[in-house]
Amino acid sequence: MAYLDHAATTPMLPEAVEALTAQLSITGNASSLHAAGRRARRTVEEARETLADALGARPSEMVFTSGGTEADNLAVKGLYWSRRDADPARTRVLASPVEHHAVLDAVHWLGEHEGATVEYLPVDSYGRVHPDALREAIARNPDDVALATVMWANNEIGTVFPIRELADAAAEFGVPLHSDAVQAFGQVPVDFAASGLAAMTVSGHKIGGPYGIGALLLGREYSPVPVLHGGGQERHVRSGTLDVPAIASFAVAGRLAAEQREWFAREIGALRDDLVEAVRKAVPDAILGGDPAAEGRLPANAHFTFPGCEGDSLLLLLDAQGIECSTGSACTAGVAQPSHVLLATGTDPDLARGTLRFSLGHTSTEADVEAVAKAIGPAVGRARTAGLS
Amino acid sequence: MTDTSQRPLRVLAAMSGGVDSAVAAARAAEAGHDVTGVHLALSANPQSFRTGARGCCTIEDSRDARRAADVIGIPFYVWDLAERFREDVVEDFIAEYEAGRTPNPCLRCNEKIKFAALLDKALALGFDAVCTGHYAKVTVRDDGTRELHRASDMAKDQSYVLGVLDDRQLAHALFPLGDTVTTKDEIRAEAERRGLAVAKKPDSHDICFIADGDTQGFLAGRLGRSEGDIVDESGAKLGTHEGAYGFTIGQRKGLRIGTPAADGKPRYVLDISPVNNTVTVGPVDALDVTALTAIKPRWCGAAPTGPGTYTAQLRAHGGETRVTAELVDGQLEVSFAEAVRGVAPGQAIVLYEGTRVVGSATIATTTRAKAAV
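Throughout this document, residue positions are counted from 1 along each chain, in the order its sequence is written. Here chains are named by letter from A upward and ligands by number from 1 upward, in the order in which they appear as written. Reporting in this predicted model follows two pLDDT cut-offs: at least 70 for local features of residues, and 80 or more for side-chain atom pairs to be given and counted; totals over whole chains, interfaces and linings ignore these cut-offs and use all residues.

1. What to know about the overall build of chain B
For clarity, the threshold we go by: A run of DSSP states H or I qualifies as a helix once it reaches four residues; a run of E qualifies as a strand once it reaches two. Both are numbered from the N-terminal end. Computation of the radius of gyration draws on C-alpha atoms, with the globule rule given as 2.2 Å multiplied by the number of residues to the power 0.38. The exposure label follows from counting other C-beta atoms within 10 Å of a residue's C-beta, where the C-beta atoms are placed from the backbone and the thresholds are 20 or more for buried and 12 or fewer for exposed, leaving partly exposed in between.
Of the regular secondary structure elements, chain B holds 7 helices and 17 strands. Its C-alpha radius of gyration of 22 Å places chain B within 12% of the 21 Å reference for a compact globule of 373 residues. Taken over the C-alpha atoms alone, chain B extends approximately 65 × 55 × 35 Å along its principal axes. Counting over 373 residues, chain B shows a buried share of 46%.

2. Considerations on the overall build of chain A
Each helix and strand counted, chain A has 13 helices and 12 strands in total. Taken against the 2.2 N^0.38 rule, which gives 21 Å for 389 residues, the C-alpha radius of gyration of chain A at 21 Å falls within 12% of a compact globule. By principal-axis analysis of the C-alpha atoms, chain A measures approximately 65 × 55 × 35 Å. When the 389 residues of chain A are sorted by exposure, 54% land in the buried category.

3. Quick look at the domain arrangement of chain A
Residues and elements named next belong to chain A. This is how it is decided: Domain segmentation is taken from an automatic or database assignment of domains. C-beta atoms are first placed from the backbone for all residues, and any pair lying within 7 Å is then listed as a contact. Amino acid classes used here: Ala, Val, Leu, Ile, Met, Phe, Trp, Tyr, Cys and Pro are nonpolar; Asp, Glu, Lys and Arg are charged; the rest, including Gly, are polar.
Its domain assignment divides chain A into domain 1 (2-9 + 261-386) and domain 2 (14-259). Domain 1 and domain 2 are separated by 27 Å when their C-alpha centres are compared. With 25 residues of domain 1 in contact, the opposing surface of domain 2 contributes 24 residues. Elements with a minimum of two residues in the side of domain 1 that touches domain 2: α9 (261-282), β10 (301-305) and α11 (340-344). When grouped by side-chain class, the residues that make up the side of domain 1 that touches domain 2 number 8 nonpolar, 13 polar and 4 charged.

4. Side note on the domain arrangement of chain B
Residue and element names in this part refer to chain B. Each assigned domain of chain B is listed with its residue range as follows: domain 1 (10-200), domain 2 (225-286) and domain 3 (288-368). Relative placement of domain 2 and domain 3: their C-alpha centres are 26 Å apart. With 5 residues of domain 2 at the interface, the matching set in domain 3 holds 6 residues. Class assignment of the residues belonging to the side of domain 2 that touches domain 3 gives a composition of 2 nonpolar, 2 polar and 1 charged.

5. Observations regarding the nonpolar core
How we decide: Note on terminology: a nonpolar core is any set of buried Ala, Val, Leu, Ile, Met, Phe, Trp, Tyr and Cys residues joined through C-beta atoms within 7 Å.
Residues L217(A), I247(A), A25(B), V130(B), C131(B) and I349(B) are the most contacted members of the largest nonpolar core, which totals 227 residues. A per-element tally of this core places helix α8 (residues 244-259) of chain A first, with 11 residues. Aside from chain neighbours lying at most four places away, what touches A25(B) is A13(B), M15(B), V35(B), G37(B), A68(B), I72(B), I74(B) and C131(B).

6. Describing the UniProt feature "domain: tRNA-specific 2-thiouridylase MnmA-like central" (unreviewed entry) in chain B
Filter applied, for reference: UniProt positions are given in the numbering used here, feature names are shortened, and annotations may be inferred rather than shown by experiment.
Feature annotation in UniProt places "domain: tRNA-specific 2-thiouridylase MnmA-like central" (unreviewed entry) on residues 217-282 of chain B, given in this structure's numbering. Overall, residues 217-282 of chain B shows 11% helix and 30% strand. The separation of its end C-alpha atoms is 25 Å.

7. Let's talk about the confidence of the model for chain B
Residue and element names in this part refer to chain B. What counts is decided by this rule: What pLDDT reports is the predictor's confidence in each residue, on a scale of 0 through 100.
Looking at chain B, the pLDDT average stands at 88 and 93% of residues meet or exceed 70. Here helix α2 (residues 56-72) stands out as the least confident element of chain B, with mean pLDDT 84; strand β1 (residues 10-14) is the most confident, with 98. In the predicted structure, residues 46-57 sits below a pLDDT of 50 and forms 26 contacts with residues beyond four places in sequence or in another chain.

8. Section: helix α1 (residues 19-30) of chain B
Residues and elements named next belong to chain B. The condition that has to hold: Expected helix span is computed as 1.5 Å times (number of residues minus one).
For α1, built from 12 residues, the straight-helix expectation of 16 Å at 1.5 Å per residue is met to within 8% by its first-to-last C-alpha distance of 16 Å. Counted residue by residue, α1 has 11 buried out of 12 residues, so it is predominantly covered. Restricting attention to buried positions, one finds in α1 the residues V19, D20, S21, A22, V23, A24, A25, A26, R27, A28 and A29. Note on α1: the residue one or two positions beyond its end, G32, has a positive phi of about 100°.

9. Some details on the sheet that holds β10(A)
Residue and element names in this part refer to chain A. Using the following cut-off: In short, DSSP must find at least two bridges between two strands for them to pair.
With antiparallel pairing, the 3 strands of this open sheet are ordered in space as β9-β10-β12. For this open sheet the edge positions go to β9 (287-288) and β12 (355-359), each flanked by a neighbour on one side alone. Bridge analysis of β9 against β10 gives 2 bridges, and the strand direction is antiparallel. By the bridge assignment for β10, L288 is matched with F304.

10. Details of the UniProt feature "domain: tRNA-specific 2-thiouridylase MnmA-like C-terminal" (unreviewed entry) in chain B
Following the UniProt record, one finds the feature "domain: tRNA-specific 2-thiouridylase MnmA-like C-terminal" (unreviewed entry) at residues 290-363 of chain B. Along residues 290-363 of chain B, the helical share is 0% and the strand share 66%, with 13 Å between the first and last C-alpha atoms.

11. Considering the packing of helix α3 (residues 68-86) of chain A against helix α4 (residues 101-113) of chain A
Residue and element names in this part refer to chain A. To be explicit about the condition: Here an axis means a line fitted to C-alpha atoms, over the contact stretch when the element is a helix, while the angle between two N-to-C directions is reported on a 0 to 180 degree scale. If an angle is under 35 degrees, it is roughly parallel; if it is over 145, roughly antiparallel; if it lies from 65 to 115, roughly perpendicular; otherwise it is oblique. By the definition used in this description, the sense in which the near helix is turned from the far one sets the handedness, with an anticlockwise turn below a right angle giving left-handed and a clockwise turn giving right-handed.
Look at α3 against α4: their axes get within 9 Å of each other, and the N-to-C directions meet at 30°. With respect to α4, the element α3 is oriented roughly parallel. The handedness of the crossing between α3 and α4 is right-handed. Contacts from G68, T69, D72, N73, V76, K77 and Y80 in α3 reach A102, V103, A106, V107 and L110 in α4. Across the contact of α3 with α4, the residue classes tally to 7 nonpolar, 3 polar and 2 charged.

12. A closer look at the environment of A367(A)
Residue and element names in this part refer to chain A. Its location among the elements puts A367 in helix α13 (residues 366-386). Classification of A367 as exposed rests on a count of 9 C-beta atoms within 10 Å. When the C-alpha atoms of A367 and A2 are compared, they prove to be 7.7 Å apart, with 365 residues separating the residues in sequence.

13. A few points about helix α6 (residues 184-193) of chain B
Residues and elements named next belong to chain B. As a reminder, the rule being used: An arc is given here, and it is the one of the directions from the helix axis to the C-beta atoms.
Here α6 has its buried residues at I187, R188 and A191. Angularly, the buried residues of α6 cover 100° about the axis, an arc narrow enough to put them on a single face. Of the exposed residues in α6, the ones pointing more than 90 degrees away from its buried face are D185, E186 and R193. The secondary structure elements touched by the buried residues of α6 are α1. Remark: G195 follows α6 within two positions and exhibits a positive phi of approximately 80°.

14. A short note on unusual backbone geometry
Backbone geometry places H236(A), a non-glycine residue, at a positive phi of 60°. Relative to the assigned elements, H236(A) resides in the loop between β8 (214-218) and α8. For H236(A), a count of 12 C-beta atoms within 10 Å translates into the label exposed. Phi angles above zero are rare outside glycine, and K296(B) is one such case at about 50°. By the element assignment, K296(B) lies in strand β12 (residues 289-299).

Have a look at this one:
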């Protein structure tokens, strides 16, 4: 088996499994006032400190959520509502067109139901938003901007965005910038304080932690309107009983992700380079998606377009040989559609149907790369015969 | 050409999410074939913002198919053939009604999608055959060519909607339910025994791309309302309709004619004329057809030469009737031993010798016993 879909989810780290299972048999609601409650709360607060440390944030800036999707929704909708409440003129939302659906669909929903004017920022052929593009968009009317949202690194093509420069551009006008850093955490340096962001999303299961846990890092001056109302946990921004085992496990994974980031970038990045070289050797006309420069892309991402192929044909052929990868973005019915990311970068829609994303992770080996090197040429040959039906 | 009687084969099982295709896939796997399940996403919703959003029924069917594949223990994928389906089946369906004919979209789907687009893709990807839950049988002749036969259970036979398949398509078709002489309840019992949750799922009889079953509403939405006259055989106006495409030859219900016929007997649709948007109605015996001409003949094997006598089926779930048929200038000239009713242009005529499908063609024109229209 060659599991090359770590950007979808990566195996849990043994240390994170241990932390999770250890907590599962301990009773205590972190909001309770008695000893069991205080013990649970202590576990949560220690985890909060650990994660804050790993992400360059203050503990009070960590708002735990059920995952990346909820954190993105809370940031986008919550900040929109609070900023508009403070000044009804603020109804413009700026977003990159290559965001994950958790951001893209939330932004779209605001446009459909909350009177937002959604403006998609221009991107280059790597999918990257230039700081001047954000600056120009805000400067057209700084008073009507509710928020801007630009991801830290793209989940499909791996392009890394100049977040510090983008945050500076937003800060010139006092506009809060949110960034989805789900894919970036553990792969490129992510420091919330240094970034200048107002809000930032991270997720547990992308870094070796459990599913169903994530966090919104939220500058202390921001009070987004909650999406979930209830018991008032997490700064009254996100109600709901805290998932103590998942939080404890997330913290262990987060600490290790930060500690091992340089090793990851070096070692997994080298494996990724081998994979890119092997694919190009086997299929000379394969097109590498995203920024080819090492510093401009995630070290674990290799995204290819194979002209004349359907991505789902390739996926089936590789899957049958034990190679697990992705065509791009999965969706409800399991149907592969041309990726909105590729379309935004100006890729021809027919070409955009023939994509595969290989994403490596902490368990990736040379054997995985060799399996792809061996299989990809014949698979592409066969998929080309099947053509674009 | 692959011999589908040999095994094991690499089989792509088309899984609709219904009980028949699930049991078919399970039987193919049990027979030792290397089976991969695929659900065809056939209805796109381009207005929807979310990538790949589908009607809820399709998502539910897709999930049912996936769960069946899980239980059978085979890989499962969803393939998007919505664009091909729209072009080759849905648009054809609308155009046929617009032209005053009565299409059979299931037949068209077998011809253009399941045993064309899907089969071609499967073969290119290294599969040997496509497996479906149709009730029909394929046998191999001594010379290696294929014969398509009615299913062992005549009551469930679906060879009519497969009559358009040629020898090459049949050579790569696997119908594991064709030999089954069981009631639907027994197929459900088999599904239950195999742990397939679709065992209790209701049958789908409607046209799959018209989820609410309202064909007239669907056509009106696509073709617009266009009021015209309902006339009798003499041309006298009896009422109005909202679009000639909404009628089928032989239709009795839904005519909404206020005045009864002089003889007090019910009236039927005799003719649909899209050119002047007129629907002609009349007594039941005016529907009697003695001969027809059919176009685009397809043969399972060599085309017959000279006139021959066959049994013919004129619509899905229709009975058999004796005919003489001959290929004349590429068209099939058919005459009936006894007059038949309710023959609608656009439907297929499938010719049989015993249980064997000889060929099929699309009904173009009919000759009435009473030359009234």
